[in-house]
Each structure stands twice: as C-alpha cells, then as structure tokens.
Amino acid sequence: EETIVMKQRPELSQDSWRWRELDRGKPVRTFEVNLVSGAATASKLEKGEMKRWSDTLDVEPGNTFAGFGFTMAAKALRERLVKGEAVELKGVGFTPQPKLVTVALSYNGRDTVRMSGRAIPAEHYVVHPKIPAVAKLFVKVPDAHIWLTTPPAGFLRYEGALAEPSDALIRIDLLP
C-alpha cells in the first residue's frame, strides 16, 4: 500500500510518502517520510523481530520525491525533459535505513507499450540514482522506468524495485 500527499500549486511538491507491506494483515515493512520536515522512519520484520530505523533527511521542498511522486515529477517536468534536459532531483530511499540520494530524471524517447491486447503510444522516462562510487560496492540501486501516455500525460507503466533496492523488479500497469 502506497500513500502520497502532493501539492500542485504554487509548484509541484510532495509532502509525504508512506509504503506499507502486510502479510495476512500483519506489518512486514513500513517506510515513511515527511518531505516537509525530513523526518523518515522505517520498520522491517527480520527473523521474527520488528527492527526500526529513523533519521532526519535534508529534504528540498519541491525538489525531493519518493515513490509515485517521481511519476508526478516527470509529468510536471515533461517539457524540459522532452527537450533533452536531465533534471537532478533528490530521492528518498530505504535500505531499510532512510537515505537521501541525488537522482537524474531523463526522457528516454517515445515507445509503444503493449497492454491489454493494445499498442499504446507512450513516453519513457528514467529515474537514475547517482550512487557514490564507494556505496556502489555495498548496494546496487536499479534505475526506475516510468511510461506516461502521450500528451496529455497520464500514468501508464512503472518498472523498478518494489521498495528496497535489493527487492525484485516489478511492473505496475494502469490496465490489467
């Protein structure tokens, strides 16, 4: 279950993000960040025990996103991205400890996405985490891919890690 709070005016900004995983109604993992204050918490069931982490991240309102917030950022920055600009943003991730990382959001061209027996014209965007060389030795963070419908832009598909960088890569489609 993912919950986000976004503001569209005066500029796009994300206020909060929460991701919660349950198994038979019991919490397995919860990641949460307040993108106004920077307060971030995580809890994860490990070997039958719930472990917890927290930190205060140096967020930049209107420039820091998490989860589905990147889809909204791609939509808002579409004009700049389509012209070839790669926009640097901040991203909140969990390993499971809360982390703040610089990401490059870029346009990867037009695609045709096959979905529900149809071929849908789409625009492909990439969220590329810029991980310091030393950290790359310990953690592999895959790129996330977002496809939006051609203007007017709307969510079509997401491919990336489920929650933590080590999770399986998943696909979320607008249509079944």
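Since we're looking at a predicted model, the values are computed, not measured.

Pairing of strand E1 (residues 2-7) with strand E2 (residues 13-23) involves 6 bridges; the strand directions are antiparallel. If you follow Lys 7 over to E2, its bridge partner there is Ser 13. The hairpin turn running from E1 into E2, its antiparallel successor, is 5 residues long. In the sheet, E2 pairs with strand E3 (residues 26-34) via 8 bridges, with the strands oriented antiparallel. Paired with Arg 20 across the strands is Thr 30, a residue of E3. In textbook terms, the turn of a hairpin is the stretch between consecutive antiparallel strands, and for E2 and E3 this stretch comprises 2 residues, one of which, Arg 24, has a positive phi near 55 degrees.

To continue, consider the packing of aromatic side chains. On inspection of all chains with the given rule, the structure shows 6 aromatic pairs. With a centroid separation of 5.9 Å and an interplanar angle of 20 degrees, the aromatic rings of Trp 19 and Phe 31 are classed as stacked. Taken together, the residues Trp 19 in strand E2 and Phe 31 in strand E3 connect sequence positions 12 residues apart. Geometrically, the ring pair formed by Phe 68 and Phe 155 is edge-to-face, given 5.5 Å between the ring centres and 65 degrees between the ring planes. Highlighted residues: Phe 68 in the loop between strand E6 (64-65) and helix H1 (69-76) and Phe 155 in strand E11 (residues 155-161), separated in sequence by 87 residues.

With that out of the way, let us pick up the sheet that holds strand E4 (residues 39-46). Sheet architecture is open: 5 strands sit in the order E1-E2-E3-E4-E5, paired in antiparallel fashion. The sheet terminates laterally at E1 and strand E5 (49-56), the two strands that pair on one side only. Sheet twist, expressed as the average angle between the axes of neighbouring strands with direction ignored, equals 10 degrees.

Definitions and limits used
Residues numbered from 1 in each chain as written. Predicted model: local features only at pLDDT ≥ 70, side-chain atom pairs only at ≥ 80, totals over all residues. Heavy atoms only, no water. Pairing = 2+ DSSP bridges. Helix = DSSP H or I, 4+ residues; strand = E, 2+ residues; numbered from the N terminus. Phe/Tyr/Trp six-rings, centres within 6.5 Å; stacked < 30°, edge-to-face > 60°. Axes fitted to C-alpha atoms, helices over the stretch in contact; angles between N-to-C directions.

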